[in-house]
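Structural description and commentary
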Amino acid sequence: MNKLTSVVLAAMLVIPAAQVSAAPEKESPVQATARLLGSKIVSDYGVSGMQYAIRDKGAITVSGGFGVSDQAAGTPITKDTMFGIGSVSKMHVSAATMMLAEDQIIDIDQPLTTYLPQFKMADERYKKITPRMLMNHSSGLYGSHYGNSILMDDSDTQNHDDLLTRLQSERLKSDPGAYSVYCNDGFQLLELMIEQVTGSSYTKFLEQHMSSPLKLSSTKTPLDTFNRQQLAKTYFPGLTQALPSENANILGAGGLYSTAEDLTTFAEMLNGKHPDILSKASATAMQQPEYKNGLWVPEERNSFNYGLGWDAVDLAPFGDYGIKALSKGGDTIMYHADLITLPESDISIAVLSSGGSSIYNTIFATNVLLAYLKDTGKIKKILPDATFTPPVKAAMPAELGAYSGLYGTVGATTTIAIKDGALDLPALEGGLIPAQKYIYTGKGQFTSPDGSAAVSFDKQKNGKTYLKLNTHLTIPGIGQMLMVTYEYQKLDVSPLNASTKQAWAQRDGKHYYAVDEKINSFFYLSPSILTKTIEVEQGYATGTRIVDENTAVNAAEIPVMNGRDAFDLTFSKQNGTEYLTIDGNAYISEDAVKPIYGGPASTSTVPAGGQSVWFKIDKKAAGKTMTVTAPSSGGYVVYDVDGMIVSHSRVIQAPSVKLPQGGMAVFGGQAGDVFKIELK
């Protein structure tokens, strides 16, 4: 996962401020900068604990922590507190791949099928995918299979074990190598390839070839045996207790735990300082601008410019100082991370947190590292943040009106109408940029009311027209992050025949609920992840192009970030009930979701297939207290009418919950599990 996947969740995480480390009596300018930013992030941005470290030429020179690792005990963050590092884990599997290439076990430019013959897809183009394309995000894979991947105290390897089978029936969204767009599945395939060619588990490979020689004593996978009490605890609004340990069982894409100090040691290897483990040539190869091999946004100054594994091989604003900076961010549901390293000077900073978003970590890391460079005399001064003024409207060339039309991204469509030199856009970047009007200001650009964001239209050599965003995201009290992305792709007209149009009109606005996800999945914390709403517009449904009465396929071919995690929609009926299938996972129609029985006693049984059972909470049950007797393998979750969590039996030990009007309840466990439900 990457830093944008958790923006919406982060906005929800309004956790009461945890204890913040007090300012020491004597602190350096670097420590002062870190304290001010860390205190702000913990107090205002839903972060319960945060840890950072700077390593300069092999030595930790600055480190610290903010908040707590356990709110109930008031335990402070220490250098040994471990966090999930999310997609920073991609650097480990990428480095492991390069090690195998050094030993001539693989060639990163040969087809993946050479080394993983079990890899097959229902699209002949898959035979052209290489390990390089997996590392630089240009494979053309749809993106991510998230099902049962992030679980509570559960190291189930189902996601890992089923990936190749799921891919067999799927197609690509673009030609391999055509462009780079963030893709988790590629790094899962690298993990499988490593296991195939070495005959070793990936966890064991990391320990033997990376963690042990580098002495990374706190870098582990969920399959490792270690003291889970070292993990920073995580918290979610509405749930008073700490959550169970988060196991991201997608090891290659985002499953590792670590500490800031361990990560900065690991960064030394990525800088070529441990050639006995990873050669300087391999480290340098990973730092090359791989994103330039295909379509990309024109601007060079950006926070995204992919290398092999790296999110950025020229991270802004370090280039403004003549400094090459590499960056990798990561998000799971509850953990967030960022690693920045300067390979030419061998200086690295790692920032880890429980709660929040890796965007905050990246901005923290950038500002603290700049303060460190100034304090050590490597730069003379820190350039001020960009400032903006309200835009001045300019006369718009009439031909720009031709860009009006239907636009799409993964999961959504929107109609852009350019009128009187202005256009309206919905919220962008997970809500960090609000829905607003952009006015024409010249040079093909439309600018936001505060002047911080500009959009324009870019027709690429693949014949597609994209809406481009150039913005400085400003997080109040923390700082800025420059982003240049393609947000939307202009869609072609997709006419439907009468029967197809009618079939989809009946689904428009309906909700479908996931039934294959284990009840101990972290995705139940935010039901929006497990709920799909069908929105039909001009031959498209939830961003996909409608093909026939029961099928819609991905329409987005968008480089950088917004074309990630694509999907198709397939509908079918079983015993009169309509199901939606996405990435091999089933969702049941809201029409088949019954109200929970409002009488004093009832039961709910997990069916033979093991699917979760959803209920609506209507007037008959609302306001009553539900007490559930559940088997040890089972559990339930209750949501209010807005989808916010009210109770989760795997987190809150209390067996009873007051049912909210208009909410939902879901029960899950093993096939045959019976829940005894009492309402009073």
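A brief structural summary. (Residues numbered from 1 in each chain as written. Predicted model: local features only at pLDDT ≥ 70, side-chain atom pairs only at ≥ 80, totals over all residues. Heavy atoms only, no water.)

1. Describing the packing of helix α5 (residues 158-167) against helix α6 (residues 185-198)
The cut-off we apply is this: With axes taken as lines fitted to C-alpha atoms, and helix axes fitted only over the stretch in contact, angles between N-to-C directions fall between 0 and 180 degrees. Only runs of H or I of at least four residues qualify as helices and only runs of E of at least two qualify as strands under DSSP, and these elements are numbered from the N terminus. Roughly parallel here means an angle under 35 degrees, roughly antiparallel means over 145, roughly perpendicular means 65 to 115, and every remaining angle is called oblique. Residue contacts are counted whenever heavy atoms from the two residues lie within 4.5 Å of one another. Each residue gets one label: Ala, Val, Leu, Ile, Met, Phe, Trp, Tyr, Cys and Pro are nonpolar, Asp, Glu, Lys and Arg are charged, and the others, such as Gly, are polar.
Two elements in contact, α5 and α6, have axes whose closest approach is 11 Å; the angle formed by their N-to-C orientations is 105°. With respect to each other, α5 and α6 are oriented roughly perpendicular. Judged by residue contacts, Asn159, His160, Leu163, Leu164 and Leu167 of α5 engage Asp185, Gln188, Leu189, Glu191, Leu192 and Glu195 from α6. When grouped by side-chain class, the residues that make up the contact of α5 with α6 number five nonpolar, three polar and three charged.

2. Thoughts on the packing of aromatic side chains
Aromatic ring pairs are defined here through the distance separating the ring centres and the angle between the ring planes. This is how it is decided: The aromatic pairing rule takes the rings of Phe, Tyr and Trp, using the six-membered ring of Trp, and pairs them if the centres are within 6.5 Å, calling planes under 30 degrees apart stacked, those over 60 edge-to-face and the rest tilted. Each residue is assigned to one of three classes by its accessible area relative to the maximum for its type, calculated with a 1.4 Å probe on protein chains only: buried under 20%, partly exposed between the two thresholds, exposed over 50%. Note on criteria: charge over ring means Lys NZ or Arg CZ within 6 Å of the ring centre, with the direction from the centre no more than 35 degrees off the ring normal.
As enumerated under the stated definition, the model contains 24 aromatic pairs in all. Between Tyr52 and Phe364 the ring centres are 5.4 Å apart and the planes differ by 65°, which places this aromatic pair in the edge-to-face class. In this pair, Tyr52 sits in strand β1 (residues 49-56) while Phe364 sits in helix α11 (residues 358-375), placing the two residues 312 residues apart along the sequence. Among the residues examined, Phe364 registers a relative accessible area of 0% and is labelled buried. Geometrically, the ring pair formed by Trp504 and Phe571 is edge-to-face, given 5.2 Å between the ring centres and 85° between the ring planes. A residue pair is termed long-range when its members are at least 10 positions apart, and Trp504 in helix α12 (residues 498-505) and Phe571 in strand β25 (residues 569-574) qualify at 67 residues. As far as the burial class goes, Trp504 and Phe571 line up, both buried. An aromatic cluster of three or more residues is present, and its members are Tyr403, Tyr407, Tyr440, Phe446 and Phe457. When the ring centre of Phe187 is taken as origin, the NZ or CZ atom of Lys90, which lies over that ring, is 5.4 Å away. Over the face of the ring belonging to Phe567 we find Lys532, whose NZ or CZ atom lies 5.7 Å from the ring centre.

3. Looking at the sheet that holds strand β34 (residues 656-658)
Threshold: The criterion for strand pairing is that DSSP finds at least two bridges linking the strands in question.
A sheet is described by the order of its strands in space; here four strands give the open sequence β29-β36-β31-β34, paired in antiparallel fashion. This sheet does not close on itself; its edge strands, each paired only once, are β29 (601-605) and β34. Taken pair by pair, the neighbouring strands of this sheet meet at an average axis angle of 25°, ignoring direction. As judged from the three bridges shared by strand β31 (residues 625-629) and β34, these two strands associate in the antiparallel manner. The partner of Met626 across the bridge, within β34, is Val657.

In short, geometric facts, not functional conclusions.
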